Amino acid sequence: MTASRARAVHDLGKGHVHVRHAPSADRPLRGASMIRTARAAVARVLAILLLSLLANAPAAAINTPVPAAVPDGGTRPAEIRVTLDNNYPPYSFHTPDGGHAGIVKDLWALWSQKTGIPVRMMPLDWGLARQAMDRGDADVIETIFRNSARDLLYDFSKPYARVDVPIWFSADLSGITGVESLRAFTVGVKDSDFCIEWLADHGITAFQRYPGFEVMVDAAARQETRVFCMDDPSARYYMTKRGVQGRFRYTEPLYTGELHWAVRKGDAALFRLIADGFARITPEERRAIEERWVGRRLTGMVSPQLMDLLIKLLAGLVVLGIGVLVWGLLLRRQVESKTESLRAAVAALTASEERVRTIFDSVNDAIVIHDLDSGAILDVNRRMREMYRVGEVPLSDIDIDTLSSGEPPYTAETAAEWRFKAAGGEPQLIEWHARRLDGSLFWTEVSMRRAVIDGNDRRVMVLIRDITERKAAQERMEFLSRHDTLTLLPNRVLLQDRTDQALARAERHGRLVALVACGLDRFKTVNDSLGHAVGDALLRAVAERLKTAVRDTDTVSRGGGDEFILLLAGRPDIDAVVETVASLHEAMAEPFQAAGQELTVTLSSGAALAPADGKDFATLLKNADTALHHAKAAGRDTHRFYAEAMNAEAVAHLSTRSGLRRALERGEFLIHYQPQVSLETGAVTGAEALLRWNHPDKGMVPPGDFIPIAEDSGLIVPIGAWVLAEACRQAAAWQDRGLSLSVAVNLSALQLQRGDLVRTVTGALADSGLDPLLLELELTESMLIQNTDVVMDNLRRLKAMGVQVSIDDFGTGYSNLSYIGRLAVDKLKIDRGFVADLTSNHDSAKITAAVIQMAHSLNLTAVAEGVEDAETLEALRALNCDVAQGYYLGRPGPADAVERAARQVNPFRVGV
């Protein structure tokens, strides 16, 4: 591997990287005198020679020429379209004149010459390059990194380049030694770069984002950012281009990544064609291209360091020329000069050996040199001793058995097989479960290849990288892909897998399998009133309690929100399922402790059994959800089992929903009005507008059969707007005929939460000409805590218009008096349940009296609904209730019935 390939540019935001943690250390950017430069050059040559032995050369797979231009005799393509990142020098970048240049372009040009197939390069922004590939606008994508997700989309070449990513910082800063020292700084990063995720995973969250590396270098040169994360080759390129490389230092690399080219998944013919073409490019040709770009000026300008070096070299040549002249004139000193030269050469060789050893010991990966025949360890570097914690233990006391976990396939015998494969010319790259000398286990990535050392070719060089953190991250990702992140319960993917297995076992053994869909009753109230933190804590507590209510062989999963899905596997009969479902409800009886709050919740559940209610996961889950819906409709805190009758109800539900969509267009809705009577005078003071549906086939459909469906489907919004407009029109007509009757219209929760409610009311009043004081909007207590900010804003604006507001069914909800006071509510309507039991239930009488008294203390009008007899009416008069309505005072009917009742003088019996 050449030095240029070892420092290949890569945008880490683009994909899979192999992360390694490096010991942090400050290093100044290079720049020295001529002597130090010369020494550095010698060291660099030696380092390149050593790294060429150590490196895991990714291009090895394409070095053997393959004569076939079109593998398998396939059709020769007219051209190859290659898309790639347009800003990754030296591999791919735009020149100042707008052209495209770089190593990758030259390699593909050479590929085209070798194969005779034209190549069209498509350098784009990386996101656009990915889109072009996915749309099929490109055949090959270059400068891409590999991960598990992309393995599903592409076939990847072997890696052909690696890149280090350090932290760069202004040379006048001190104490920047690694990720821990960044906590006091705002770190400059390229937007969408992987470095953001890597630093965030290590606790760094303060970032200054830039659209690209070049912009970030410019900002650093202006000292707008003083600490930044950037690929090493890109940083050096742009710093050299700006002439500011002497102003920055950098840490050891945070991590290293690998570069590939790829084709769409399964396009084997194209993959082989491209690989065969690259196989025709010799290592010398490839090296010449890489060294041409790395070894020459890319920016069109000479940096100050290079100019300084040229001057010093020129001065050295002048001095050398003078020395040669002096040496020629002074032959007597020739022997002495040669002796001194030999002494210097010996010293340089000694220094070179020390440098090689320093490099050997400074490599961040462990290096082990084995004897091929015996397998004995001949030499190791310092990193190996640190990684395996062998200290100063003699190498003769260490063997592969000691360094392996010993659990198949991670044994000395398997390691020997890999060594002999590597010795046979097949470089190996494997994952290995290793053991330190203190007994602890860890994961490594092992690279093996045959090597010639000190003239002996019976050697195997092994490079070892600690990938424990990467393996842990992979296992964590695998776990999270199949589990809920909040409760850590299995998610629907894992639940389906277990259900499929349970169904197969049940079919063989004649057992029952049940899916139970569970939902917490009114869980939204907890979130809205106590906050999501308490809601999350409650969900985790419910998950733990549900697990204790079932067997270990059953599965409790979370389907999302407040929904849990239980798999009851291998039950002998339906009674066993019934007992388990009943135990779920019993388990909920004990209050929960969640985030310092004591909470009591109830559960609704619906169960579907296999094979009676379905033979596959999707069918069972659908039927369990249907049963859950019926449990909630039955009053909650109960359970229902799926039955065939539920299918009929579901069909009826869908039919009603479909009919509602057409009813408004066809004019099938009408409004009946129920009079409201003053208990002081007996006069009709207003009427409540009640929606009715005159179905062309079914006749009058009861409100309870279609109002809930309209609310669930959202159709209540346009229907409610029609009711509002029609009611205002009718009240305006009464007003024109000399009757000042108010009209009460019920609002749904959906209407109250919409931002256009005020506009709808304003339009209805304007179109009808009704005085706002004669319009009364009724809402329930529970509406006041749903989406409170929007609700409160809507009601404040309606009150400002003069519209009256009443609270319906008061006493059955949350009775939040603070909302009533803040909204300046006009009326409280006592729930009909209390009114119906007024004369027979002492508690109902006390509650009714308390509500009336509270309404009067707040200067509100108390309205009783559900008055069915004279005795109840008299009791309400005795309690000083203000207004009443009910069948005794008048049934809902056409508007003219209300008008007739308003004009009669007989108090308290306005119509039956």
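The next subject is the overall build of the chain. A count of helical and extended segments in the chain gives 32 helices and 36 strands. Looking at the chain residue by residue over its 912 residues, the buried ones come to 47%. Look at the contacts in the chain between residues 6 or more apart in sequence, and 68% of them connect residues 24 or more apart. By element, 54% of the accessible surface of the chain is carried by carbon and sulfur atoms, the whole surface being about 42,900 Å².

Averaged over the chain, the pLDDT score is 81; the fraction of residues at 70 or greater is 83%. With pLDDT under 50 throughout, residues 1-68 is counted as low confidence; its partners more than four residues away or in other chains account for 191 contacts. Contacts of residues 296-304 to residues separated by more than four positions or lying in other chains number 14 contacts, the stretch itself having pLDDT below 50.

Another point: the environment of R571. Among the secondary structure elements, R571 is positioned in strand 23 (residues 563-571). The sequence separation of R571 and R511 amounts to 60 residues, and the corresponding C-alpha distance is 5.7 Å. Polar contacts involving the side chain of R571 include one to the main-chain carbonyl oxygen of A569, which spans 3.3 Å.

Right, let's get into the sheet that holds strand 16 (residues 366-371). As summarised here, the arrangement of the five strands in space is 17-16-20-19-18, forming an open sheet in which the pairing is antiparallel. Of all the strands in the sheet, the pair left with one neighbour each is strand 17 (377-380) and strand 18 (428-435). Mean inter-strand twist for the sheet, computed between neighbouring axes without regard to direction, equals 30 degrees. Relative to strand 20 (residues 456-466), strand 16 runs antiparallel, the two being bridged by six bridges. Looking at the pairing, I369 lines up with M461 of strand 20. Against the sheet, helix 16 (residues 468-480) touches strand 18, strand 19 (441-453) and strand 20, its axis set at about 130 degrees to strand 19.

All told, the structure shown has three cavities of 30 Å³ or more when counted by the stated rule. Of the pockets and cavities examined, the largest cavity occupies roughly 190 Å³. As for the largest cavity, its lining consists of 15 residues, and the residues nearest its centre are I400, W432, M448, V462 and I464. Breaking the lining of the largest cavity down by element, the ones donating at least two residues are strand 16, helix 14 (400-403), helix 15 (412-423), strand 18, strand 19 and strand 20. At three residues, strand 18 tops the list of elements feeding residues into the lining of the largest cavity. Its residues assigned to classes, the lining of the largest cavity comprises twelve nonpolar, two polar and one charged.

It is worth spelling out the pattern of salt bridges at this point. Tallying each qualifying case throughout the model produces 46 salt bridges. Two residues, R389 and D438, come together in a salt bridge whose shortest N-O distance is 2.7 Å. Highlighted residues: R389 in the loop between helix 13 (382-388) and helix 14 and D438 in the loop between strand 18 and strand 19, separated in sequence by 49 residues. A relative accessible area of 47% places R389 in the partly exposed class. Among the ionic pairs, R666 bridges to E668, the shortest N-O distance being 4.0 Å. Note on E668: relative accessible area 10%, which makes it buried. Members of the salt-bridge network, linked through shared partners, are E688, E778, K829, R832 and E865.

Turning our attention to the packing of aromatic side chains. Inspection of the entire model under this criterion finds 20 aromatic pairs. Ring centres 5.4 Å apart and planes at 70 degrees place the aromatic pair Y388 and F442 in the edge-to-face group. In this pair, Y388 sits in helix 13 while F442 sits in strand 19, placing the two residues 54 residues apart along the sequence. A relative accessible area of 3% means that Y388 is categorised as buried. Taken together, the ring pairs connect W108, W111, W261, F271 and F278 into an aromatic cluster. Against the face of F442 rests R436, its NZ or CZ located 4.1 Å from the ring centre.

With that settled, consider the nonpolar core. L660, Y673, V761, L770, L775, L777 and L876 are the most contacted members of the largest nonpolar core, which totals 74 residues. Tallying contributions element by element places helix 24 (residues 716-736) first for this core, with ten residues. With residues up to four places along the chain from it excluded, the contact list for L770 reads C728, A731, A732, Q735, V743, L765 and L775.

Turning our eyes to something else, we now look at unusual backbone geometry. Most peptide bonds are trans, and most residues other than glycine sit at a negative phi. Put simply, P89 and P90 share a cis peptide bond, and its omega is 5 degrees. Backbone torsion omega between A610 and P611 reads 10 degrees, so that peptide bond is classified as cis. Within the element layout of this structure, P611 appears in the loop between strand 26 (603-610) and helix 21 (617-633). With a phi close to 55 degrees, A595 is a non-glycine residue in the positive phi region. The backbone of D637 shows a phi angle near 50 degrees, a positive value even though the residue is not glycine. Assignment of secondary structure puts D637 in the loop between helix 21 and strand 27 (639-641). Using a relative accessible area of 45% as the deciding quantity, one classes D637 as partly exposed.

Okay, the state of the cysteines next. On inspection of all chains with the given rule, the structure shows one disulfide. Across the disulfide, C195 is cross-linked to C229 (sulfur-sulfur distance 2.0 Å). The sign of the S-S torsion, about 110 degrees, decides the handedness of the disulfide formed by C195 and C229: right-handed. Placement of the pair is C195 in helix 6 (residues 194-201) and C229 in strand 13 (residues 227-229), with a sequence separation of 34 residues. With relative accessibility at 0%, the residue C195 sits in the buried group. Owing to a relative accessible area of 0%, C229 belongs among the buried residues under this scheme.

Conventions adopted
- Residues numbered from 1 in each chain as written.
- Predicted model: local features only at pLDDT ≥ 70, side-chain atom pairs only at ≥ 80, totals over all residues.
- Heavy atoms only, no water.
- Helix = DSSP H or I, 4+ residues; strand = E, 2+ residues; numbered from the N terminus.
- Buried < 20%, exposed > 50% of the residue type's maximum accessible area, 1.4 Å probe, protein only.
- Contact = heavy atoms within 4.5 Å.
- Areas by Shrake-Rupley, 256 points an atom, 1.4 Å probe, with all protein chains shown as cover.
- pLDDT = per-residue confidence, 0-100.
- Polar contact = N/O pair within 3.5 Å; in protein donor to acceptor, adjacent residues only side chain to side chain.
- Pairing = 2+ DSSP bridges.
- Axes fitted to C-alpha atoms, helices over the stretch in contact; angles between N-to-C directions.
- 1 Å grid on protein atoms, 1.4 Å probe; cavity = no way out; pocket = protein on both sides within 12 Å on 5 of 7 lines; lining within 4 Å.
- Points joined across faces, edges and corners; volume = space filled by probe spheres on them.
- Nonpolar A, V, L, I, M, F, W, Y, C, P; charged D, E, K, R; others polar.
- Salt bridge = Lys/Arg side-chain N within 4 Å of Asp/Glu carboxyl O.
- Phe/Tyr/Trp six-rings, centres within 6.5 Å; stacked < 30°, edge-to-face > 60°.
- Lys NZ or Arg CZ within 6 Å of the ring centre and 35° of its normal.
- Core = buried A, V, L, I, M, F, W, Y, C linked by side-chain atoms within 4.5 Å.
- Disulfide = S-S within 2.5 Å.

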